[in-house]
Structure formats: structure tokens, C-alpha cells
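An overview of the molecular structure
Each chain is listed here by its residues.
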Amino acid sequence: QAAAARAAAEEIARLELDKHVSELQAEVRIEGAERRVHELERELDVLRGSLDIADERAERAEHQAAEALRELRRLEKELAEERWALAGAQARLEGYGARTDAASRRSKSAAQIWESERARSAAALADTKAHFTSTPTMLRCRDCQCSCPCGADDDISCDCEACQCLCCGCDDRDLASAK
């Protein structure tokens, strides 16, 4: 009986040790999971901040594009009014038989100037829209805060393969963004 009691005690001790080891392993796994959760929360905060910045830029670009579009519409309306007035004046001159070459040249010159201004405004609107949809971003070197040599003018990331600091020559793709 003593041997059986000793064997039972050893078995109980072994089971308690196994239980204790299992509990320690579970604690280690839980602590690791908690560390990973904290890391992921930090990453999520960074991503949310980047998304907020991108949203602000997109909103600003949309506002500027809307402003440019309103200006283009105003200029087109102005052109239509000027053309209407010009057509009326030309009809009156033709009706009176007093249309002269000089008046015709001035009218055509004014129409050409207006058309070139309208084309310039439309091109500026297109350039503005293209700028806000395709401009690469500006990186700054983490060590010296110099600008990325790709000539980009924003501050989140860069698609340029030549992002290398001109000051210190670093080739760090994890460059700190300037705010």
C-alpha cells in the first residue's frame, strides 16, 4: 500500500507540474498576443492618421477643382454673352452696309483673345486636376530632413526608385514624413 500511495503521490505531483507548465505556457502565449495587439493598434493609429491626411488633401483638391470649374463656366458664359453682342453688332453693321475691314479685324482679334484666354483657363483647370491626381509625394530623410531628389512635393510616400538623400546619401525607404 505504501508503494501504491507513493506512486499515486508521484502521479499527482507530475499532473500538478504538467498543469503548472501548461498555465505558464498559456500566460506566455497570452502576453505575446497582447503585445501583438498593442503593435497592431499602434499601426492602426498610424494608418488612420495617414488616411486622415489623404482625405484632407483629396477634399482640398476637389474644392480647388470645383473652384476652377466654376471659373471656367463663368468665363464660358461671359464668352457667350460677348459673342452674342458681337453677332448683334456685326448684324447691325452689315445691315447698315458700314462694316469695315478694321472693325472686322478688331472683332476677330477680340474673339481670338477671348478664345485663347478660355483655352488657357481650360488648360490650367486640366493641369490643376492632373496635378492633384498624379503628383508624387515628397519624402524627407529621417536623419537630416532634406527633400527627396525625385522632386516630389508632398509628404507621405514616393513611387520614385531614386529616393536617396542628397545630403547624407542614405537610401532609406522608410523616410520620415514632414508635417
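The shown structure was predicted, so the numbers you read here are calculated from the model rather than taken from an experiment.

The subject of this paragraph is the overall build of the protein. Across its full length, the protein carries two helices and zero strands. Within the protein, the proportion of its 179 residues that are buried is 16%. Across the protein, the fraction of contacts at a sequence separation of at least 24, relative to all contacts at a separation of at least 6, is 40%. Looking at the protein as shown, the accessible area adds up to about 13700 Å², and 54% of this sits on carbon and sulfur atoms.

All told, the structure shown has nine salt bridges when counted by the stated rule. Linking Glu117 and Arg120 is a salt bridge whose minimum nitrogen-to-oxygen distance equals 2.9 Å. Taken together, the residues span about one helical turn, with Glu117 and Arg120 both in helix 2 (residues 101-134) at a distance of three residues. Linked through salt bridges whose partners overlap, the residues forming this network are Glu11, Arg14 and Asp18.

Mean pLDDT over the protein stands at 76; residues scoring 70 or higher make up 66%. Note that residues 135-144 has pLDDT below 50 and, in this model, 48 contacts with residues that lie over four places away or in other chains. Segment residues 172-179 is flagged for pLDDT under 50; beyond a separation of four residues in sequence, or across chains, it makes 18 contacts in the model.

Further remarks concern a negative patch on the surface. Taken together, the side chains of Asp52, Asp55, Glu56, Glu59 and Glu62 define an acidic patch exposed on the protein surface. Relative to the helices and strands, Glu59 resides in helix 1 (residues 2-96).

Rules used in this analysis
Residues numbered from 1 in each chain as written. Predicted model: local features only at pLDDT ≥ 70, side-chain atom pairs only at ≥ 80, totals over all residues. Heavy atoms only, no water. Helix = DSSP H or I, 4+ residues; strand = E, 2+ residues; numbered from the N terminus. Buried < 20%, exposed > 50% of the residue type's maximum accessible area, 1.4 Å probe, protein only. Contact = heavy atoms within 4.5 Å. Areas by Shrake-Rupley, 256 points an atom, 1.4 Å probe, with all protein chains shown as cover. Salt bridge = Lys/Arg side-chain N within 4 Å of Asp/Glu carboxyl O. pLDDT = per-residue confidence, 0-100. Patch = residues over 30% accessible without salt bridge, like charges linked within 9 Å, V, L, I, M, F, W, Y side chains within 5 Å. Lys, Arg positive; Asp, Glu negative; His and termini not counted. Charge placed at Lys NZ, Arg CZ, Asp CG, Glu CD.

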